[in-house]
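Single-letter residue listing:
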Number of protein chains: 2
Amino acid sequence: MEIKELGEVALIERLTKDIKISNLSTHLGIGDDAAIVNHSDKETLLTSRLFMEGIQFDLTYIDMEHLAYKCAMITMSNIFAMNGRPTQIIVSIGLGKRFKVEDLEDFYRGLKTACYKWKVDLVGGDTTSSFTGLAINMTCMGEVEKESIVYRKGAKPTDIICVSGDLGAAYMGLQILEREKTVYYQQVEEYNRKLKDATSSNNKAMLEGLKAEREAINHFQPDFVGKEYLIDRQLKPEAPGDVLKQLSEADIHPTSMIDVSDGLASDLKHICKQSGCGCRIYENKIPIDYQTASACEEFNMNLTTAALNGGEDYELLFTIPIEEHAKIEQVENIHQIGYITEEKLGEYIITRDGKEFELMAQGWNKQ
Amino acid sequence: MEIKELGEVALIERLTKDIKISNLSTHLGIGDDAAIVNHSDKETLLTSRLFMEGIQFDLTYIDMEHLAYKCAMITMSNIFAMNGRPTQIIVSIGLGKRFKVEDLEDFYRGLKTACYKWKVDLVGGDTTSSFTGLAINMTCMGEVEKESIVYRKGAKPTDIICVSGDLGAAYMGLQILEREKTVYYQQVEEYNRKLKDATSSNNKAMLEGLKAEREAINHFQPDFVGKEYLIDRQLKPEAPGDVLKQLSEADIHPTSMIDVSDGLASDLKHICKQSGCGCRIYENKIPIDYQTASACEEFNMNLTTAALNGGEDYELLFTIPIEEHAKIEQVENIHQIGYITEEKLGEYIITRDGKEFELMAQGWNKQ
C-alpha cells in the first residue's frame, strides 16, 4: 500500500497501536509533542545515532526488519557502554516514495523485537519524506546509578584491558555480502547482455533459453555456507547487555569502558586519550572466531587488521584494576588482551613474533 | 577545508571545543558514549525531529547557519508545547562530499546561537557521510514540574481556543523564496542560452556583452522589500518560550497545548481528537500580519487557507477554561479564536459571512 493513501496520522497509529510500555520511568509514550520520562533517583543517559543509506547500510543485503533491529542494537549499545540500562528509544525515519506501508511495518517489527529484547519503550519518533535515500535516526535513553557509571576516562596504568566475545566477524560478514552482491550483479549484467543480443537478432531459441537463466537470477542464493556466524554478526548484531550482567555478578568494576563500533584500535585509542594513558595489547590475545580466520584466508586479508579495524563488533572493551585479575579469569567469554601504561609509553600492539607496532585508528577517515 | 583532511575526531573537537554547559542538570556533555543528565525532582521531556534536504529545507535559500538555528528552534518548540523548558540537545548530521569544514562551522555557529538563546546545552551528536542530500536530526530534552505539564488531551467543552502571534507568515515567506528562486534560475537559463548562441556563432560583441549579465547574476538580489517579516518567519523562526513566560506571569493554566507546526487546522484537530472534543473557530479572529495579507493578494492565494494550513508558524495553540477569559484579555499578543465543543458537534470554522465549513487538516499528506 502507498504511504500517502494511508496518511501520516493513520500510518503512525497503525505502526504503534500495539506498543506496550514496560518501564515505570516512562510516564508518557508516543502521541504528544514530547515523551515524558522520570528516572527518579537514577542518572539519565542519552545517545543518538544517524544511519544513512549507502553509508551505514545497503538495502541490497539487509531487509527493513533486520535494519531496524541492527540500528536499535547499535544505539542501545552506547547505553550499555556507560554501564547503563536502555529504557526508552525514539526513532525518526526519512523515506522516499519507493517505500510502501509494508516496508514500514517490517521496519517496526524489527524495532519492536529489539525493544522487547531489552525492555526498552518506544516513546516517539518522526516520519518524513526523503528525496533521496533512506535516513534513520535513533535516540536512546537509559538509566544508571550515579556510582555505577563507567566512563571512557577512568583507565589507569597497570589496568588490564579486556574485551568480550570476538572481533572482526561483522567486518568479514560484510566482505562476503559485498562479494555475493557483485556475483549477483554480474549475473544480471550477463543476462541483460544476452537478452539484448537475442532480441536484436530475434533469436527465438536463445530467448527461450534465457527464461531459465532469468528464473535462476530471480532465485539467486548467495553462498553463505560455513559463514553463517559472520553474516549474523553483520546483519543481526546484539547489544552487549549480557556482558554487564556477567561483570556485575562477578563483582567486577571496570575503570573505563567503550563499545567496539569503529574497531578495537580506534576505540582503545579513545580510552587511552581520555584517560591520559598508553597501552600494550598482544596480537595473539585478540579473540577471533574460526569463521573469521577462515574468511580472511579466503579473501587473502590480514586477520589482525580485520580484528583491529573492522569495527561493528558491538562488544565491550573495558579496563579493570590488576587486582581483579583472578575474578575476570572466572568470567566466560571475556578476554584479557593487554594492559594500560603511562601515556608517554604510547599505544602499541605486540605481534606474535614480539615486534611492537604503533596502534593506528581507522574510523570515519576510511571513507 | 575538506572534512577528510581533518578527520572525524579533530573535526568534532574543533566544532565543540568552546561549548559551555549552562544547566546544572547536565552532568556530562559531549565526549563519551552517552550524555548524562539528571533533572532531579522534575520530569524529563524528550522529542526528536528529522530534517531532510529537499523536503524540510532547500539550501538554495537557507544557509547552514540559519538552517541549524531553525532546526534547533523547531525541536525546542516541542518542549515548550508541553509547558517545559528545553535543557539539552543532541544533533546528528549526515552530509555529502560537497560540504566543507567551513559549512559545518557555519552550522555549529547557528546551533550555538539557538542554544545560548534558550540556555540549552549541546551534549552530543553523530556525524556521518551521506551519498545524497543533507540529513539533520535533533533530539531535545527538557524539564518540567509534573503538575505543570500541559498535554494535547486536556481540552474541555466551553474552553477558549487561543493562539499566540500570527499565522501564515512563514508559509508566505516560503512562496516568496520559491518565486525568487525561479526568477534566478530563469536568468541563469537565459544567460546559458545566449552564451551558447554567442559561442557557436563566435559573436565577440555578444560574448563581451554577456559579461555584464553574468556579473548581474552573480550579484542577484532577491526582491524582499516589504516582505522582510515573512522571510524572517520562514528562515528564522523562534521557539515560543516567551509565550509561556507571559502565561505563567498572568497565572493562566492552559488545559491543552500544541505548537503550530503543520498548520492551525491540523494541530487544532490533534487537540480535539486527543481531548475527545469538537471546536468552532472564527475566520475573522485568526491573527494575520499585514505582510501576510498583502503577499496573499499578490500571489492570488486564499488568506485563510494560508493561515489554516500553511504551517511552520511555531506559535502556541492552547485552550483555557472560560473563567480565565478576563485574564487572557490582559496578555499581549494572544488571540482568542474560538471555543471547544462536545465531540459530536464536529470541528468547524465559521467564515466572515457566517457559514460553517468543516476543518480539514493538511499535514504530511500534502506531498
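The shown structure was predicted, so the numbers you read here are calculated from the model rather than taken from an experiment.

1. With respect to the pairing of strand β7 (residues 160-164) of chain A
Residues and elements named next belong to chain A. For β7, the buried fraction is high: five of the five residues fall into the buried class. Where burial is concerned, the two faces of β7 agree: the one with I160, C162 and S164 and the one with I161 and V163 are both buried. In terms of strand pairing, β7 meets strand β10 (residues 316-320) through four bridges, oriented antiparallel. Bridging across to β10, C162 finds its partner in F318. Here five bridges tie β7 to strand β11 (residues 334-342), and the two strands are oriented antiparallel to one another. Note that in β11 the partner of V163 across the bridge is H335.

2. So, unusual backbone geometry
In this structure, N300 of chain A takes a positive phi of about 55° despite not being glycine. Along the chain, N300 of chain A turns up in the loop between α10 (290-299) and α11 (303-309).

3. Regarding the sheet that holds strand β3 (residues 43-52) of chain A
In space, the six strands of this open sheet follow the order β5(A)-β4(A)-β6(A)-β3(A)-β2(B)-β1(B), with mixed pairing throughout. A single partner strand is all that each edge strand has here, and the edge strands are β5 (121-129) of chain A together with β1 (26-28) of chain B. Across the sheet, the mean angle separating the axes of adjacent strands is 20° when strand polarity is ignored. Strand direction decides the pairing type here: β3 of chain A and strand β2 (residues 35-37) of chain B, joined by three bridges, are antiparallel.

4. Thoughts on the pattern of salt bridges
All names here are of chain A. Inspection of every chain in the model, using the stated rule, returns 62 salt bridges over all chains. Across the pair K70 and E312 runs a salt bridge whose closest N-O atoms are separated by 2.8 Å. Residue K70 is found in helix α3 (residues 64-80), and its partner E312 is found in the loop between α11 and β10; the two are separated by 242 residues along the sequence. Overall, the relative accessible area of 6% leaves K70 in the buried class. Looking at E312, the relative accessible area reads 18%, which means it is buried. Three or more residues joined by partner-sharing salt bridges are found here, namely E190, R193, K194, D197 and E213.

5. Some points on helix α9 (residues 264-275) of chain A
Residue and element names in this part refer to chain A. With 12 residues, α9 should cover 16 Å at 1.5 Å per step; its first-to-last C-alpha distance of 16 Å lies within 8% of that length. Across the 12 residues that make up α9, a large majority, nine, are buried. Directly beyond the C-terminal end of α9, a positive phi value near 65° is found at G276.

6. Quick word on the sheet that holds strand β12 (residues 347-350) of chain B
Residue and element names in this part refer to chain B. Spatial ordering of the open sheet is given by β8-β10-β7-β11-β9-β12-β13, a layout of seven strands whose pairing is mixed. Single-partner strands in this sheet number two, and they are β8 (256-259) and β13 (356-358). Within this sheet the neighbouring strands show an average axis-to-axis angle of 25°, counted without direction. Note: strand β9 (residues 277-282) against β12, four bridges, orientation parallel. Residue I281 lies in a different strand from β12, and its bridge partner there is I349. Contacts between helix α8 (residues 241-249) and the sheet are confined to β7 (160-164), β8, β10 (316-320) and β11 (334-342), with β10 contributing the most and set at about 20° to the helix.

7. Some thoughts on empty space enclosed by the protein
For the coordinates displayed, the defined rule picks out two cavities of 30 Å³ or more. In this model, the largest cavity occupies a volume close to 60 Å³. Every residue along the wall of the largest cavity is listed here: N38, H39, S40, K42 and T44 of chain A together with N38, H39, S40, K42 and T44 of chain B. Computed from the structure, the second largest cavity encloses a volume of approximately 40 Å³.

8. Concerning the relation of the copies chain A and chain B
Relating one copy of the chain to the other requires a rotation about an axis plus a shift along that axis. Here chain A sits on chain B after a turn of 180° about the axis and a move of 0.0 Å along it, with an RMSD of 0.1 Å. Taken together, the turn and the small shift mark the pair as related by a two-fold rotation axis. With an isologous cut-off of 70% or more, the 100% of interface residues of chain A that recur at the interface of chain B puts this contact in the isologous class.

9. Side note on the packing of helix α5 (residues 169-200) of chain B against helix α7 (residues 228-235) of chain B
Pairs of packed helices are described in terms of their axes, by the angle between the two and the distance that separates them. All names here are of chain B. For the pair α5 and α7, interaxial distance at closest approach is 7 Å and the crossing angle is 100°. Taken together, α5 and α7 sit at an angle that is classed as roughly perpendicular. Listed contacts from α7 to A169, A170, Y171, M172, G173, L174, I176 and L177 of α5 are Y229, L230, I231, R233, Q234 and L235. Per-class residue counts for the contact of α5 with α7 are 11 nonpolar, two polar and one charged.

10. Quick word on the UniProt feature "binding site: Mg(2+) 4" (unreviewed entry) in chain A
According to UniProt, the "binding site: Mg(2+) 4" (unreviewed entry) feature falls on D33 and T47 of chain A. With respect to the helices and strands, D33 of chain A occurs in the loop between β1 (26-28) and β2 (35-37). Judged by its relative accessible area of 4%, D33 of chain A is buried. In this structure D33 of chain A touches T47, N78, A81, M82, R152, M257, I258 and D259 of chain B, once residues within four positions along its chain are discounted. The residue T47 of chain A is located in strand β3 in this model. We classify T47 of chain A as buried; its relative accessible area is 4%. Excluding anything up to four places from it in sequence, T47 of chain A contacts T75, N78, I79, M138, T139 and C140 of chain A together with D33, A34 and I90 of chain B. A distance of 3.2 Å separates the side chain of T47 of chain A from the side chain of N78 of chain A, its partner in a polar contact.

11. What to know about the domain arrangement of chain A
All names here are of chain A. For chain A, the domain assignment lists domain 1 (3-144), domain 2 (159-169 + 230-358) and domain 3 (174-228). Taking only C-alpha atoms into account, the centre of domain 1 sits 29 Å from that of domain 2. At the interface, 18 residues of domain 1 touch 16 residues of domain 2. Interface area, domain 1 with domain 2, both sides summed: about 1,500 Å², of which 60% is carbon and sulfur. The largest share of the area that domain 1 buries against domain 2 comes from K70, F80 and A81, three residues that together contribute 33% of it. In this structure, the connection of domain 1 to domain 2 is made through two salt bridges. Seen at the junction of domain 1 and domain 2, the total is five residue pairs in polar contact (both at pLDDT 80 or more).

What counts, and at which threshold
- Residues numbered from 1 in each chain as written.
- Chains lettered and ligands numbered in written order.
- Predicted model: local features only at pLDDT ≥ 70, side-chain atom pairs only at ≥ 80, totals over all residues.
- Heavy atoms only, no water.
- Buried < 20%, exposed > 50% of the residue type's maximum accessible area, 1.4 Å probe, protein only.
- Helix = DSSP H or I, 4+ residues; strand = E, 2+ residues; numbered from the N terminus.
- Pairing = 2+ DSSP bridges.
- Axes fitted to C-alpha atoms, helices over the stretch in contact; angles between N-to-C directions.
- Salt bridge = Lys/Arg side-chain N within 4 Å of Asp/Glu carboxyl O.
- Expected span 1.5 Å × (residues − 1).
- Contact = heavy atoms within 4.5 Å.
- 1 Å grid on protein atoms, 1.4 Å probe; cavity = no way out; pocket = protein on both sides within 12 Å on 5 of 7 lines; lining within 4 Å.
- Points joined across faces, edges and corners; volume = space filled by probe spheres on them.
- Least-squares fit on C-alpha atoms with pLDDT ≥ 70 in both.
- Parallel < 35°, antiparallel > 145°, perpendicular 65-115°, else oblique.
- Nonpolar A, V, L, I, M, F, W, Y, C, P; charged D, E, K, R; others polar.
- UniProt positions renumbered as here; feature names shortened; annotations may be inferred.
- Polar contact = N/O pair within 3.5 Å; in protein donor to acceptor, adjacent residues only side chain to side chain.
- Domains from an automatic or database assignment.
- Buried area = accessible area lost by both parts, 1.4 Å probe.

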